[in-house]
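What follows is each chain in one-letter form.
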Amino acid sequence: MPTRPGAPAAVVDLRDRAPAGRDGDAAERPDPGLFGPDSVSWRVHGDPLMGVGGLRALLLQSLHPVVAEGFDAHSRYRQEPWPRLLRTADFVALTTFGSVEQVHRAAAHVRRAHDRPARARDDGTPRRLDDPELLLWVHCCLVDSMLHVVRRGGLDLDDREADAYVAEQVRAAALLGVPPSLVPTCTADLTDYLAGVRDGLRLSDAAREAVAVVLAPPLHPVVELATPARAGWASIAGLAFATLPDWARRLFPLPLRTGAAVVPEAAVSSSLRALRLTGRGVGALVPALRRSPHERAARRRLGLDAPVPQEA
C-alpha cells in the first residue's frame with residue numbers, strides 16, 4: 001500500500017537494526033524493545049482503555065469469515081474464554097513493552113500457531129491462517145480499534161501522533177508475517193484499507209458463536225451470584241460494541257444493533273472518558289494496577305522508575 005504524501009515512512013523491523021553504541025558497549029545498553037518509551041505505541045497500549053480497544057478489535061475481526069472460522073477451529077475460547085482473552089491482551093502488552101528477545105520469541109510462537117489451514121465454514125474457501133491478507137485484517141482491526149477507543153476516551157493524540165502510531169505498528173505486523181509494503185502507515189491509509197474490505201465481511205455462524213462468548217463469557221457460579229462481574233463485563237463489552245463503526249454494527253443481530261443505536265454517540269464518548277478516568281484513579285490509589293506487568297518490567301529494564309530508597 002503506497003504511503004500518502006507527508007505520512008510517516010514505514011518503520012524498520014528491529015531484526016534488521018543493530019543496537020546503537022560504540023566500542024562494543026551496545027550490548028550493555030538497556031533494551032528498548034520494539035518501540036521504546038518515547039513511542040506513541042507505549043502511550044496507546046499503556047492506556048486504561050486498552051481492554052475496551054481489544055474487545056472492539058475482536059468484534060471487528062470476527063466479521064471476516066475465514067478469520068472467524070480459524071478462531072473457532074483452532075482456539076479453546078469456548079472451554080477457556082478468560083485465559084484466551086487474557087493471552088491476547090498479554091501478547092499486545094509483551095510486544096509493546098518486552099525486550100527484543102521476548103518480542104521475537106512471542107511472535108515466533110504465534111507464527112507457529114498460525115501455520116495451519118483454515119476455510120470459511122459456509123463456502124469452504126481454502127485459505128491458511130498465516131495468509132498475509134488474513135493477518136493484515138487482524139492487524140488493522142487492532143490498530144484501528146486501539147487508536148479509536150483511546151482517542152475518543154480522552155488520550156491527547158494529535159493527527160501527527162496518530163499517524164506515527166499506525167506507522168510504528170508496521171513493526172508488529174511484520175513480526176507476524178505481513179509484508180511491510182502491505183501495511184497502512186498512516187490513518188488515512190488505514191481508513192482506506194477498512195473501506196476496501198467491507199464487501200467481503202459478514203457475520204458467519206462461527207463469528208456469531210465467537211461474539212456470543214466475547215459479549216457474555218461464562219462465569220464461575222460464585223462470581224456470577226456474589227459479585228457484579230456479569231453486569232460490569234456487559235457494560236464494558238456493550239461499550240466496545242457501541243464504538244464500532246455504523247457499517248460494522250449493521251452486520252450484527254438486531255438486538256445488538258438496536259441496543260447500540262439508542263445510545264447517543266456523545267454518551268458513548270462520555271462513558272469512555274469516565275471509564276478512563278476511573279482506571280487512572282484506581283492506578284493512582286493502587287500503584288501496582290497503574291501499569292501492566294510488562295510495562296513495569298520495561299520501565300525497570302530501562303531505568304525509568306527510580307528505586308525506592310531503603311530506610312536506615
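For the structure, see preceding data.
Given the structure is predicted, the values throughout are model-derived calculations rather than measurements. (Residues numbered from 1 in each chain as written. Predicted model: local features only at pLDDT ≥ 70, side-chain atom pairs only at ≥ 80, totals over all residues. Heavy atoms only, no water.)

**Notes on the environment of Val166**
Tracing the backbone through its elements, the reader meets Val166 in helix α7 (residues 159-168). Owing to a relative accessible area of 2%, Val166 belongs among the buried residues under this scheme. The spatial distance from the C-alpha of Val166 to the C-alpha of Ala188 is 9.9 Å, given a sequence separation of 22 residues. (Helix = DSSP H or I, 4+ residues; strand = E, 2+ residues; numbered from the N terminus. Buried < 20%, exposed > 50% of the residue type's maximum accessible area, 1.4 Å probe, protein only.)

**Brief notes about the packing of helix α6 (residues 132-152) against helix α9 (residues 187-197)**
Where α6 contacts α9, the axes come no closer than 11 Å and their chain directions differ by 125°. Between α6 and α9, the angle is such that the two are oblique. Like other packed secondary-structure pairs, α6 and α9 cross with a definite hand, here left-handed. On the side of α6, the interface is formed by Glu133, Leu136, Trp137, Cys140, Val143, Asp144 and Leu147, while α9 contributes Thr187, Leu190, Tyr193, Leu194 and Val197. (Axes fitted to C-alpha atoms, helices over the stretch in contact; angles between N-to-C directions. Parallel < 35°, antiparallel > 145°, perpendicular 65-115°, else oblique. Left-handed = near helix turned anticlockwise from the far one by under 90°. Contact = heavy atoms within 4.5 Å.)

**Details of the side chain of Ser145**
With respect to the helices, strands and loops of the structure, Ser145 is situated in helix α6. At 3.3 Å, the side chain of Ser145 forms a polar contact with the backbone nitrogen of Ala57. Sequence-distant contacts of Ser145, that is, excluding residues within four places in its chain, are made with Gly53, Arg56, Ala57 and Leu60. (Polar contact = N/O pair within 3.5 Å; in protein donor to acceptor, adjacent residues only side chain to side chain.)

**Notes on the environment of Thr95**
By the secondary structure assignment, Thr95 is in helix α4 (residues 81-97). With 77 residues separating them along the chain, Thr95 and Ala172 place their C-alpha atoms 7.4 Å apart. Thr95 has contacts with Leu34, Phe35 and Val103, leaving out every residue within four places of it along the chain. A polar side-chain atom of Thr95 sits 3.1 Å from the main-chain carbonyl oxygen of Val92.

**Regarding the nonpolar core**
Val44, Leu59, Leu60, Trp137 and Phe252 are the most contacted members of the largest nonpolar core, which totals 69 residues. Looking at this core, the element that brings in the most residues is α6, giving 11 residues. (Core = buried A, V, L, I, M, F, W, Y, C linked by side-chain atoms within 4.5 Å.)

**Here we look at the pattern of salt bridges**
Oppositely charged side chains may form a pair once their charged atoms are brought near each other. The full count for this structure, using the stated rule, is 9 salt bridges. Linking Arg43 and Glu161 is a salt bridge whose minimum nitrogen-to-oxygen distance equals 3.0 Å. With Arg43 in helix α1 (residues 40-45) and Glu161 in helix α7, the pair connects residues that are 118 residues apart, well separated along the chain. Beyond isolated ion pairs, a larger network of salt bridges with shared partners links Arg152, Asp246, Arg249 and Glu265. (Salt bridge = Lys/Arg side-chain N within 4 Å of Asp/Glu carboxyl O.)

**Here's the deal with the packing of aromatic side chains**
Per the stated rule, a full pass over the model turns up 2 aromatic pairs. Between the aromatic rings of Phe241 and Phe252, the centroid separation amounts to 5.1 Å while the plane-to-plane angle is 85°, which identifies the pairing as edge-to-face. Of this pair, Phe241 sits in helix α12 (residues 229-242) while Phe252 sits in the loop between α13 (246-249) and α14 (254-261), and the two are 11 residues apart along the sequence. The buried category is assigned to Phe241, whose relative accessible area is 2%. (Phe/Tyr/Trp six-rings, centres within 6.5 Å; stacked < 30°, edge-to-face > 60°.)

**Observations concerning α9**
Buried residues of α9: Asp189, Leu190, Tyr193 and Leu194, and no others. Viewed end-on, α9 has its buried residues packed into an arc of 135°, placing them on one side of the element. Taken together, the buried residues of α9 touch α6 and α7. (Arc of directions from axis to C-beta.)

**Observations concerning a nonpolar patch on the surface**
On the surface, a nonpolar cluster with roughly 390 Å² of combined accessible area is contributed by Val282, Leu285, Val286 and Leu289. In this structure, Leu289 sits in the loop between α15 (265-285) and α16 (293-301). Overall, Leu289 belongs to the exposed group, its relative accessible area being 57%. (Patch = residues over 30% accessible without salt bridge, like charges linked within 9 Å, V, L, I, M, F, W, Y side chains within 5 Å. Areas by Shrake-Rupley, 256 points an atom, 1.4 Å probe, with all protein chains shown as cover.)

Function-wise, these values are silent; they only describe arrangement.
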